Amino acid sequence: MHTYATVVLAAGKGTRMRSRLHKVLHRLAGSPLLDHVLKAVETIPSTSIFAPFHDTVSTHRPVVVLGHDAEEVEAAFGERCHYALQEEQLGTGHAVLAAKEAVDALSPLPDLVLVCYGDTPLVRAEVLAQIVTEHIIKQATITFLTARSKGPSDFGRIVRDISGRVQGIVEVKRATPEQLRIDEINSGVYCFERSWLWPTLEALPRNPGGEYYLTDLIEIASQQGREIATVQGTLDDTVGINNRVQLAQAEQLLRRRILERHMYAGVTILDPATTYIDDEVEIGPDTVLLPNTMLMGRTVIGADCTIGPGSTIEHSTVGERCIIRQSVLEEATLEAEVRVGPFSHCRPGAHLARGVYLGNYAEVKNSYLGPQTQMHHFSYMGDATIGSGTNIAAGSITSNFDGKEKHRTIIGEGAFIGCDTTLVAPVTIGNRAYTGAGAVVTRDVPDDTLVAGVPARFLRSLKQEEDVSAPAGEKQ
């Protein structure tokens, strides 16, 4: 069985980012740059290209080569990776060699070493899988990714002989005018035969700049008459991030991919130019996204929903057939057939059960609203548990903070909270209880009771009225 290890180079200081944050931790479509690369690496075994090799080729957790701010990256990714340290940055060849000890400690010992960069977040799993499988099929010493560039490029040029055999990679600053006209460029993604890689790297001479370049291995392998294979990708696969301008360009490319993926899966996006969807977001079919909508983080949207215009949803779950108009959801859960907005806010811990209606300018925080509950405009429910079928009229609020601690409000089923009611927590409102407009409730209210006033006081029992108004034979 073949086994391969992946080495991800992420030791660069990223000085051109002008940031205190490690370059590979800058976010793209909601996730760190390195996360996109690791996802692609981790997805290789599940790609269709890799399927014929699934039973004969195995992999290891990737080895990430770090230098500057290594602790920051390790804290972000933990045991998802192995780590190697490149204490002195002496070029890409030196960076890969820094991973030797970590790779050789893997069991079973890998036959192949796949190398990619932590700041090339658009490389796709299918492309990486094709590189590995092509390497195995061709029994190559080196297999690497190339692309075609229609205009000027800073990438190294692929030099081939008249028969098309690769002779080497020439860097732009060392290329002749004739070589600069070559449109086949190097992407920086390689697969090596491990037993050849380490001794060749150890014997690699420094270039005129005093560094060890991985690209020089191509010419060495060619001169040795070894098999060199190439896989052609797209320019998008080769995009590297060195500054904020390139970060923004990559953001546009990746978001286009994400939008297309959802549209092909049955999501209607009315205006892709003003719709922003993070990479981890899941959306059900026949959902419609209206302009100026942002879906962020680990958000899941069910089928047949209408989201927007102007809605922002982050780290939230939305059930089927929901309508979210010009509102904000943060770490919230909405069950099916919920309607929110316009201009409402569900803060962390908000849980709206099936059929809840949340009117305009309403806010829910760390609260559960039971099925079919209606909460109308300019209301606030914080740290509350509300039963099914309850009506919360306009301007009603929970006064849940006493200046030191938060307290909880409980409202039963079928209750009616009148306009501008203030519920001073901790307090419990019973099933089918009513509060009058403007009431300030400071004590628990029993079931089937009407209270009103400041502070709220008992007016009458609604249960007695129900019994009196019931026809003979229906009283209980």
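An account of the accompanying structure is given in this report.

Conventions adopted
As a convention, each chain's residues are numbered from 1 in the sequence order in which they are written. Totals for whole chains, interfaces and linings use every residue, but because this is a predicted model, local features are given only for residues with pLDDT of at least 70 and side-chain atom pairs only at 80 or more, for both listing and counting. Working from all heavy atoms in the structure, the side-chain values ignore hydrogens and water. Residues enter patches when they are more than 30% accessible in relative terms and free of salt bridges; like-charged ones are connected within 9 Å and nonpolar ones (Val, Leu, Ile, Met, Phe, Trp, Tyr) within 5 Å. Accessibility throughout is a Shrake-Rupley quantity obtained with a 1.4 Å probe, and a residue counts as covered only by protein chains that appear here. The rule for a salt bridge is simple: a side-chain nitrogen of Lys or Arg has to be within 4 Å of a carboxyl oxygen of Asp or Glu. A run of DSSP states H or I qualifies as a helix once it reaches four residues; a run of E qualifies as a strand once it reaches two. Both are numbered from the N-terminal end. Only Phe, Tyr and Trp rings take part, Trp by its six-membered ring, and two of them pair if their centres are within 6.5 Å. Stacked means planes under 30 degrees apart, edge-to-face means over 60, and tilted covers everything else. For the exposure calls, accessible area comes from a 1.4 Å probe over protein chains only, and a residue counts as buried if that area is under 20% of its type's maximum, exposed if over 50%, partly exposed in between. We call a set of buried Ala, Val, Leu, Ile, Met, Phe, Trp, Tyr and Cys residues a nonpolar core when their side-chain atoms join them within 4.5 Å. It only takes one pair of heavy atoms within 4.5 Å for two residues to be counted as in contact. Expected helix span is computed as 1.5 Å times (number of residues minus one). For two strands to be treated as a pair, DSSP must find at least two bridges joining them. The path from the first strand over the helix to the second decides the hand: if it runs clockwise while the strands point away from the viewer, the crossover is right-handed.

1. Remarks on a nonpolar patch on the surface
Right, so step 1: On the surface, a cluster of nonpolar side chains totalling about 330 Å² of accessible area is made up of F343, Y361 and F378.
Right, so step 2: Mapped onto the secondary structure, F343 falls in the loop between β25 (339-340) and β26 (345-346).

2. Topic: the packing of aromatic side chains
Right, so step 1: Overall, the coordinates contain 7 aromatic pairs when judged by the stated rule.
Right, so step 2: Ring centres of Y361 and F378 lie 5.2 Å apart, and the angle between their planes is 0°; this geometry places the pair in the stacked category. One end of the pair, Y361, is in the loop between β28 (357-358) and β29 (363-365); the other, F378, is in the loop between β31 (374-375) and β32 (380-382), and 17 residues separate them in sequence.
Right, so step 3: For Y361, a relative accessible area of 42% translates into the label partly exposed.
Right, so step 4: When its relative accessible area of 52% is taken as the criterion, F378 is described as exposed.
Right, so step 5: For the ring pair F416 and Y434, a centre distance of 5.1 Å and an interplane angle of 20° mean the geometry is stacked. In this pair, F416 sits in strand β37 (residues 416-417) while Y434 sits in strand β40 (residues 434-435), placing the two residues 18 residues apart along the sequence.

3. Points about the nonpolar core
Taken as a class, soluble globular proteins show a tendency for nonpolar side chains to be buried jointly.
Right, so step 1: Among the nonpolar cores identified, the biggest contains 57 residues, and I277, L295, L352, L358, I429 and V441 are the most heavily contacted of them.
Right, so step 2: Contributing elements (two or more residues each) for this core: α9 (244-264), β33 (384-386) and β39 (427-429).
Right, so step 3: For this core, the leading source of residues is α9, giving 6 residues.
Right, so step 4: Non-local contacts of I429, meaning those with residues more than four positions away in its chain, are made with I410, I411, G412, I417, L423, V441 and V445.
Right, so step 5: By size, the runner-up hydrophobic cluster in this structure holds 35 residues, among which are V64, L112, C116 and A129.

4. With respect to the pattern of salt bridges
Right, so step 1: Under the defined criterion, the tally for this structure stands at 24 salt bridges.
Right, so step 2: Residue E184 is joined to R160 by a salt bridge in which the shortest nitrogen-to-oxygen separation is 2.9 Å. Residue E184 is located in strand β11 (residues 184-193), and its partner R160 is located in strand β9 (residues 157-160); the two are separated by 24 residues in the primary sequence.
Right, so step 3: Looking at R160, the relative accessible area reads 30%, which means it is partly exposed.

5. Describing helix α5 (residues 125-138)
Right, so step 1: The end-to-end C-alpha distance of α5 is 20 Å, a good match for the 20 Å that 14 residues give at a rise of 1.5 Å each.
Right, so step 2: Within α5, 10 of the 14 residues are buried, leaving the element largely enclosed by the surrounding structure.
Right, so step 3: Among the residues making up α5, those that are buried are A125, V127, L128, A129, I131, V132, T133, E134, H135 and I136.

6. Focus: the sheet that holds strand β24 (residues 333-334)
Right, so step 1: The strand order across the open sheet formed by 9 strands is β15-β18-β21-β24-β27-β30-β33-β36-β39, and the pairing between neighbours is parallel. Two strands close off the open sheet at either side, each with one partner strand: β15 (282-283) and β39.
Right, so step 2: Here β33 pairs with strand β36 (residues 409-411) via 3 bridges, running parallel. Of the residues in β36, the one forming a bridge with A384 is T409.

7. Regarding the sheet that holds β25
Right, so step 1: One open sheet accounts for 12 strands, arranged β13-β16-β19-β22-β25-β28-β31-β34-β37-β40-β42-β43; its pairing is mixed. A strand with exactly one partner marks an edge of an open sheet, and here the two such strands are β13 (268-269) and β43 (457-461).
Right, so step 2: As judged from the 2 bridges shared by strand β22 (residues 323-324) and β25, these two strands associate in the parallel manner. Of the residues in β25, the one forming a bridge with I323 is R339.

8. A word on the pairing of strand β5 (residues 63-66)
Strand residues, when the strand is regular, have side chains that alternate between the two faces of the sheet.
Right, so step 1: Judged by which residues are buried, β5 turns out to be covered on both faces: V63 and V65 on one side and V64 and L66 on the other are all buried.
Right, so step 2: Pairing analysis gives 4 bridges linking strand β1 (residues 2-10) to β5, with the strands arranged parallel. What sits directly across from V7, in β5, is V63.
Right, so step 3: Note that β5 and strand β6 (residues 82-85) share 4 bridges and pair parallel. Along β6, the bridge assignment pairs V63 with H82.
Right, so step 4: Tracing the backbone out of β5, into helix α2 (residues 70-77) and back to the parallel element β6 gives a crossover that is right-handed.

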